[in-house]
Amino acid sequence: MEGTLMGPLWGRGFRLLYGSMSVSAFAHTFGTFIISWFVYEITGSELAMGGLWLISIGTRMLVQFAVGPYIDRFRRTRVMVFSESIRVTAFLGLLVLAGLGELTPAALYIGAFLISVVFFDAAAQALLPKLVTEKALVKANARVAGFVQIMRLLALPLAGVFVAAWGSAAALACVTVLFLISAVMAGKIQEDVREREKGETGSWWSQFKRGVVIYRKHPVLLFLGFFIAVINFAVFATQVMYIPYVVEVLGGSSFAYGLFAAMFPLGYVAGSYIVGGFREPARAMMYALMIGALFAGGLTHIGLGLVTVLWAALLIEAAAGLVMPVWNVYSNLLYQKLVPDRIRGQVFTVRFLIATAATPLGVVYGTFWATRFDLPSLFISVGVLSCVLTLVGLCTLAVYYGRRRDSVTEIKKIS
């Protein structure tokens, strides 16, 4: 592998993957902003924006469910290139329509649908362990996670400036080129060719079952899926109300909202570099750190519900970003280590499905609570719910492994 021959972390293969994922994240955030902005500019309708969100999330869930069992039949680099090619085609089509003056809401909805037909991230996460040594895996995950957050942080303000300064056609052309660059970088990665094992070319159902079996073999992955769902529920329940929270509760302006929105990514970048600077902890310590990070995340939601001044909210949101890499980096690490390479892409898509399934529930809960009660109590309720569910998951995990240890001890005594 290039990652081991040319250095544990900065081999050519890893650099190309690192670059491709970063450019893709920037382009996707940039492109999503552009489509959302154009839809709202043309329609002026919040309902149209909601429809756009539903198309995006619904399409990604459907595609991951339909394609997930097949993703490991192909080289991960080819899957990444194909995924980026779809997005290049979508934005190129929108660029042509913009040039003709035919950029309608229907065209933008179709564009949103096409850019959601993706399997790039699952393939990239499955490929990463093949490009670095096992000892460098924590640092590699942390480095990728941190820089991807930087790209997303930069993309939003730059997209706004770009659209205002150069217009829709130039913005669409820029996104098209960025996705093309990401595809080219992914295509240049030298991926080891492995022989397919028996059963890897079966039906969709047989492939799906192969991906599910791993959860029975390693129940901790099922617990991780549960916690990921909790995170996404909490994030989307509150995130949809960030603008009214900043304006109504904190008394801030659009500039204050920009500062507030930037705090989590800034904290996340700092946290990812801190996590990447430490060696991989023992498995029990890793679990404790991960659960602790989730519990701390719940406490930050409670904190946001209690404060009414901007500077305190900024510090709390930065703290939320600081602890989250502890969860994300080690969660990815466990999936990469416990899941065999032959089904790793499938399992990552299943994880995405579990995570995404909770997002609509979060949005519905946040919207209902905010309209029925008030915004501070929404944040407090989400924080309390996150902390309680985290503790329930932790207790269940402890009981499961406690019984497992007792069973092993009994078997040893009998033998």
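Residues numbered from 1 in each chain as written. Predicted model: local features only at pLDDT ≥ 70, side-chain atom pairs only at ≥ 80, totals over all residues. Heavy atoms only, no water.

**What to know about the overall build of the protein chain**
Note the following rule: Helix and strand labels come from DSSP, where a helix needs a run of H or I of at least four residues and a strand needs a run of E of at least two; each type is numbered from the N terminus. Three labels apply to residues, based on accessible area from a 1.4 Å probe with only protein chains included: buried if under 20% of the type maximum, exposed if over 50%, partly exposed otherwise in between. Should any heavy atoms of two residues lie within 4.5 Å, those residues are counted as being in contact. In short, Shrake-Rupley with a 1.4 Å probe defines the accessible areas, and a residue's cover is counted only from the protein chains shown.
Secondary structure assignment for the protein chain yields 15 helices and zero strands. For the protein chain, the proportion of its 415 residues judged to be buried stands at 51%. Counting contacts in the protein chain only where the partners sit at least 6 residues apart, residues at least 24 apart contribute 86% of the total. For the protein chain, the accessible area works out to roughly 19300 Å², and carbon and sulfur atoms hold 70% of it.

**Examining the side chain of Ser182**
The criterion, for reference: Polar contact is the term for a pair of N or O atoms within 3.5 Å; when the atoms are in protein, one must be able to donate a hydrogen and the other to accept it, and sequence-neighboring residues count only if both atoms are side-chain atoms.
Here Ser182 lies in helix H7 (residues 137–187). What makes Ser182 buried here is its relative accessible area of 0%. Among the polar contacts made by the side chain of Ser182, one reaches the side chain of Glu84 at a distance of 2.7 Å. Here Ser182 is in contact with Ser20, Val23, Ser24, Glu84 and Phe120, once residues within four sequence places are set aside.

**Description of the confidence of the model for the protein chain**
This is how the line gets drawn: The predictor's confidence in any single residue is recorded as pLDDT, a number from 0 to 100.
Mean pLDDT over the protein chain stands at 79; residues scoring 70 or higher make up 81%. At the low end of the mean pLDDT range in the protein chain sits helix H1 (residues 2–5), at 39; at the high end sits helix H4 (residues 76–100), at 92. Under a pLDDT of 50 for its full length, residues 1–8 has, in the predicted model, 20 contacts with residues more than four places off or in other chains. Considering only residues more than four positions removed or in separate chains, one finds that residues 195–199, a stretch of pLDDT under 50, has seven contacts.

**Concerning the pattern of salt bridges**
Stated precisely, the cut-off is as follows: One side-chain nitrogen of Lys or Arg within 4 Å of one carboxyl oxygen of Asp or Glu is enough to make a salt bridge.
Tallied over the full model, the rule gives one salt bridge. Across the pair Arg87 and Glu84 runs a salt bridge, and its minimum N-O distance is 2.7 Å. With a gap of three residues between them, Arg87 and Glu84 both fall in helix H4, about one helical turn apart. Side by side, Arg87 and Glu84 carry an identical accessibility label, which is buried.

**Considerations on the packing of helix H2 (residues 12–43) against helix H5 (residues 105–115)**
What counts, and what does not: Geometry is summarised by axes, namely lines fitted to C-alpha atoms with helices restricted to the contacting stretch, and by angles between N-to-C directions that run from 0 to 180 degrees. Put simply, angles under 35 degrees are roughly parallel, angles over 145 are roughly antiparallel, angles from 65 to 115 are roughly perpendicular, and the rest are oblique. Here a crossing is taken to be left-handed if its near helix is turned anticlockwise relative to the far helix by less than a right angle, and right-handed if that turn runs clockwise.
Where H2 contacts H5, the axes come no closer than 10 Å and their chain directions differ by 160 degrees. Between H2 and H5, the angle falls in the class roughly antiparallel. Considering only the axes of H2 and H5, their crossing is left-handed. Listed contacts from H5 to His28, Thr32, Ile35, Phe38, Val39, Ile42 and Thr43 of H2 are Pro105, Leu108, Tyr109, Gly111, Ala112 and Ile115.

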